Amino acid sequence: MSLLHSNKRTHRCGELRATDIGTPVAVYGWVQSYRDHGGVVFIDLRDRTGLLQLRCEPTPHAAAHAIANTVRVEWVVAAIGTVISRGNNANPKLPTGTVEVAVEALEVLSEALTPPFEIKDGLETNENLRLQHRYLDLRRPELSRNFVLRSEAMQWTRQYFTAEHGFLELETPILMKSTPEGARDYLVPSRVHPSSFYALPQSPQTFKQLFMVSGMDRYLQICRCFRDEDLRADRQPEFTQLDLEMSFVTQEDIEAVLEGWVALIWQRALGVEVKLPLRRMTYADAMDQYGCDKPDLRFGLPLHDLTARLRGRVEFRVFVDVFDAGGIVKALPLPPSDLITRKDLDKTFPAEAAPFGAKGVAWARVGAAGPGGVLEWSGPVAKGVSEALRAELNEVLGLVEGGLVLFVADKPAVVNASLARLRLVCGERLGKMDPKAWSFLWVTDFPMFEWDEGAKRWGAMHHPFTSPRADHIGLLDTDPGAILAQAYDLVCNGTELGGGSIRIHRTDVQAKVFRTLGLSDEEAREKFGFFLDALQYGTPPHGGLAIGFDRLLMLLCGAHSLRDVIAFPKTQKATCLMSESPNTVDERQWAELHIAPRRV
RNA sequence: GGAGUGGUAGUUCAGUUGGUUAGAACGCCGGCCUGUCAAGCCGGAGGCCGCGGGUUCAAGUCCCGUCCGCUCCGCCA
């Protein structure tokens, strides 16, 4: 009879310690490695909790030793024996290193092909190969560890919101209605209704609001969302969202509940005490000072808008042309450092800024004080700047001898995007991105609408159910661009963890917002009729937010890609190399769904 | 849709101005070995150089195309 039936597992591999010496055990796992000394055979046994050394000697358990001689890497084995001390032969690298199991019986439960890559940490194998054999990649401790934390974080999250804050965990449909706003939908053709399609949820936005209309009061879901857009290291076509909604609350109430959760997760996962309340910054300030709406505030290096100071006062050709075209100039002052070289100024920085539309990066090096007592400049910008202006800029930018200033001049969007990027590049180069530092902030007061130049219409910056600030509702008729929304994003170390808003709970305001977005009453009814109907039956003031759960895990795990925290991720072309999805299907299936392949 | 980058034994890589039989390390297979833990020693096997064209006396190397991975721009309310 197999050991599996006669000897239930007593311990996981990583659990045994010196206090277990003398204990009879039954252990199960994968062979990490074996070392055959002719006599004694050592086997490192692995499961997701760690490694354990087995010792098999020829006597008195000859049968076990004979089997030990045959085992190979990644075979699955069971062993029974006794925990003994390793004495002077302890291995300080392993948590179980002070003990080993003197094996009395050994059984091979499963043989294994030689794996296509070694199952160990720190290997730099082709991502291709790893994704094809994802189940093997997941055996690697540095990866499986991420999923242990993922599981724990989910449990802490459910516990916190349901038991401590009165949330209900509720589910919403996966087969939903397609609406053309936002990201591209994944569509599912209906068999029963020819030419009709379901859409997979980009987020359960309307449904969670309907839960508030239903009186569920507080809703929580850890839900899968789908967006058919191109991938990035931090974007997968399906991802997991912590979705929340609350009734009878203000923005501050929602932020407070979330902050408590953030503190709890960081405390339990990393032992880090997050100081509450979290920092807040308006969208306008973030754009002005950091050029983006998710600044990494582990370090300073703020940007300075010099447009007003420089216009009409510099001869530097590039700036003059940009001013004539209505553009702006912003500066990124940097402290003295030999970590930033001439090559960076000439090559790296322009290359980093180019993808955002910047035609170049101007710069000035700050030298010693000249005859007039003003720090001198060298570099492309230096010549066109008078001594008086230089003195002024030295003061405003806080420049010191040996320092450096980077300038980008262009349209505001280009200037902000490229300098935001350069700020991160310099922060990294100057060693200011401490992986153990955690800088959270709420970005608040987002604009309600942004002008879509291509479509010549207003678009919702967050989504069309976001409530304007109460005192800005009047501007819906006069100046939509000036309206600020009751919307907020949670940012950590330059990553947008999530965002949300107070929702519109008045039908008249919702109707006006749709109109501003260029949706006629008929169009709004067609798309969101069920939702607008519901709002008329007594809607509580409500709001909520959604957190990108995978991105949160990325931060907690120190992962550089979402793929490291999603068990079975897709490639950049949205395929699964392991299961080979998506795949073609039988023509009969096309026919059933009333669709036909398009001739290419 | 666009830009960049990579693809050579199972794996990670090297491979010169185009020039003998494409190498190394690790892994794998066999043998020896009773305290290893990156075990050690001896021996061995293992290659559609991503794929398809082209240039050339000769292509892993040069040119064109294509497929796949990754990073980024566009896109992601």
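Conventions and cut-offs
- Residues numbered from 1 in each chain as written.
- Chains lettered and ligands numbered in written order.
- Predicted model: local features only at pLDDT ≥ 70, side-chain atom pairs only at ≥ 80, totals over all residues.
- Heavy atoms only, no water.
- Helix = DSSP H or I, 4+ residues; strand = E, 2+ residues; numbered from the N terminus.
- Contact = heavy atoms within 4.5 Å.
- Areas by Shrake-Rupley, 256 points an atom, 1.4 Å probe, with all protein chains shown as cover.
- Lys, Arg positive; Asp, Glu negative; His and termini not counted.
- Charge placed at Lys NZ, Arg CZ, Asp CG, Glu CD.
- Buried < 20%, exposed > 50% of the residue type's maximum accessible area, 1.4 Å probe, protein only.
- Polar contact = N/O pair within 3.5 Å; in protein donor to acceptor, adjacent residues only side chain to side chain.
- Near = heavy atom within 4 Å.
- Pairing = 2+ DSSP bridges.
- Axes fitted to C-alpha atoms, helices over the stretch in contact; angles between N-to-C directions.
- Patch = residues over 30% accessible without salt bridge, like charges linked within 9 Å, V, L, I, M, F, W, Y side chains within 5 Å.
- Salt bridge = Lys/Arg side-chain N within 4 Å of Asp/Glu carboxyl O.
- Expected span 1.5 Å × (residues − 1).
- Arc of directions from axis to C-beta.
- pLDDT = per-residue confidence, 0-100.
- Phe/Tyr/Trp six-rings, centres within 6.5 Å; stacked < 30°, edge-to-face > 60°.

**Details of the overall build of chain A**
Of the regular secondary structure elements, chain A holds 17 helices and 22 strands. For the C-alpha atoms alone, the extent of chain A along its principal axes is close to 95 × 75 × 55 Å. Of all intrachain contacts in chain A linking residues separated by at least 6 positions in sequence, the fraction that spans at least 24 positions is 66%. Summing over all exposed atoms, chain A offers an accessible surface of approximately 29,500 Å²; the carbon and sulfur share of this is 52%. Across chain A, 68 positive and 77 negative side-chain charges occur, with their mean positions spaced 3 Å apart.

**Describing the environment of Ala-487**
Turning to its location among the elements, Ala-487 is positioned in strand 20 (residues 487-492). In this structure Ala-487 comes out as buried when scored by relative accessible area, which is 3%. Along the backbone, Ala-487 and Glu-229 are 258 residues apart, and their C-alpha atoms lie at a distance of 24 Å.

**A short note on the side chain of Thr-172**
Within the secondary structure, Thr-172 sits in the loop between strand 6 (168-169) and strand 7 (187-189). At 2.9 Å, the side chain of Thr-172 forms a polar contact with the side chain of Gln-221. If we ignore the near neighbours within four places in the chain, the residues touching Thr-172 are Pro-204, Phe-207, Phe-211, Tyr-219 and Gln-221.

**Brief notes about the protein's contact with RNA strand B**
Residues in close proximity to RNA strand B total 50 residues, the closest being Arg-35, Arg-55, Arg-86, Asn-89 and His-462. Backbone atoms, meaning sugar plus phosphate, form 49% of the atoms of RNA strand B positioned within 4 Å of the protein. With respect to RNA strand B, the side chain of Arg-72 contributes an N or O atom lying 3.1 Å from a phosphate oxygen. Within the backbone of Ala-460, an N or O atom sits 2.8 Å from a sugar or linking oxygen of RNA strand B. Secondary-structure elements contributing two or more residues to the surface near RNA strand B are strand 1 (24-36), strand 3 (50-56) and helix 3 (127-132).

**Observations concerning the sheet that holds strand 3**
Paired through backbone hydrogen bonds, the strands of a sheet run either parallel or antiparallel to each other. Taken in spatial order, the 5 strands close into a barrel running 1-2-3-5-4, and their pairing is mixed. Going from strand to strand, the sheet's axes swing by 55° on average, the running direction of each strand aside. As defined by bridge partners, strand 4 (residues 76-85) adjoins strand 5 (residues 99-110) across 10 bridges and the pair is classed as antiparallel. Following the sheet pairing, Gly-81 is matched in strand 5 by Val-103.

**Brief notes about a nonpolar patch on the surface**
On the surface, a nonpolar cluster with roughly 300 Å² of combined accessible area is contributed by Tyr-135, Phe-568 and Met-578. Mapped onto the elements of the fold, Met-578 is located in the loop between helix 16 (549-557) and helix 17 (587-592). The exposure class of Met-578 is partly exposed, given its relative accessible area of 30%.

**A short note on helix 13 (residues 412-429)**
Taking 1.5 Å as the rise per residue, helix 13 with 18 residues should run 26 Å; its terminal C-alpha atoms sit 25 Å apart, in good agreement. Among the residues making up helix 13, those that are buried are Val-414, Val-415, Asn-416, Ser-418, Leu-419, Ala-420, Leu-422, Arg-423, Val-425, Cys-426 and Gly-427. Just past helix 13, the residue Gly-431 takes up positive phi, approximately 70°.

**Digging into the pairing of strand 15 (residues 375-378)**
Of the two faces of strand 15, the one holding Leu-375 and Trp-377 is buried and the one holding Glu-376 and Ser-378 is not buried anywhere. Pairing of strand 14 (residues 362-369) with strand 15, which is carried by 3 bridges, proceeds in the antiparallel orientation. Bridged to Val-366 within strand 15 is Trp-377. The antiparallel pairing of strand 14 with strand 15 creates a hairpin that spans 5 residues between the two strands, and Gly-373 there sits at a positive phi of about 85°.

**Notes on the environment of Met-212**
Secondary-structure assignment places Met-212 in helix 6 (residues 205-213). For the pair Met-212 and Ser-247, spaced 35 residues apart in sequence, the C-alpha separation works out to 6.2 Å.

**A look at helix 12 (residues 387-396)**
Three or more residues of helix 12 are buried, namely Leu-389, Arg-390, Leu-393 and Asn-394. The buried residues of helix 12 occupy one face: seen down the axis, they fall within an arc of 140°. What points out from helix 12, more than 90 degrees from its buried face, is the exposed set Ala-388 and Glu-395. At its buried positions, helix 12 is contacted by helix 9 (307-310) and strand 15.

**Structural notes on the confidence of the model for chain A**
When pLDDT is averaged along chain A, the result is 94, and 100% of the positions lie at 70 or above. Interface scoring of the predicted complex returns ipTM 0.92; its pTM is 0.94.

**Looking at the pattern of salt bridges**
Considering all chains together, one arrives at 37 salt bridges under this definition. Linking Glu-259 and Arg-280 is a salt bridge whose minimum nitrogen-to-oxygen distance equals 3.1 Å. Here the residue Glu-259 occupies a position in helix 7 (residues 251-270), and Arg-280 occupies one in strand 11 (residues 279-282), the gap between them amounting to 21 residues. Ionic pairing is found between Asp-477 and Lys-512, a salt bridge with its closest N-O pair at 3.0 Å. Here Asp-477, found in the loop between strand 19 (457-460) and strand 20, pairs with Lys-512, found in helix 14 (residues 507-516); they are 35 residues apart in sequence, far enough to count as distant. Exposure remark for Asp-477: the relative accessible area of 56% places this residue in the exposed category. One salt-bridge network, held together by shared partners, links Arg-130, Arg-134, Asp-137, Arg-140 and Glu-142.

**With respect to the packing of aromatic side chains**
In the structure shown here, the tally under the stated rule is 18 aromatic pairs. Aromatic side chains Trp-266 and Trp-438 sit 5.6 Å apart centroid to centroid with 75° between the ring planes, which places their arrangement in the edge-to-face category. Here the residue Trp-266 occupies a position in helix 7, and Trp-438 occupies one in the loop between helix 13 and strand 17 (440-444), the gap between them amounting to 172 residues. Looking at Trp-266, the relative accessible area reads 0%, which means it is buried. Three or more aromatic residues link up through ring pairs in this structure, and these residues are Tyr-160, Phe-161, Phe-167 and Trp-261.

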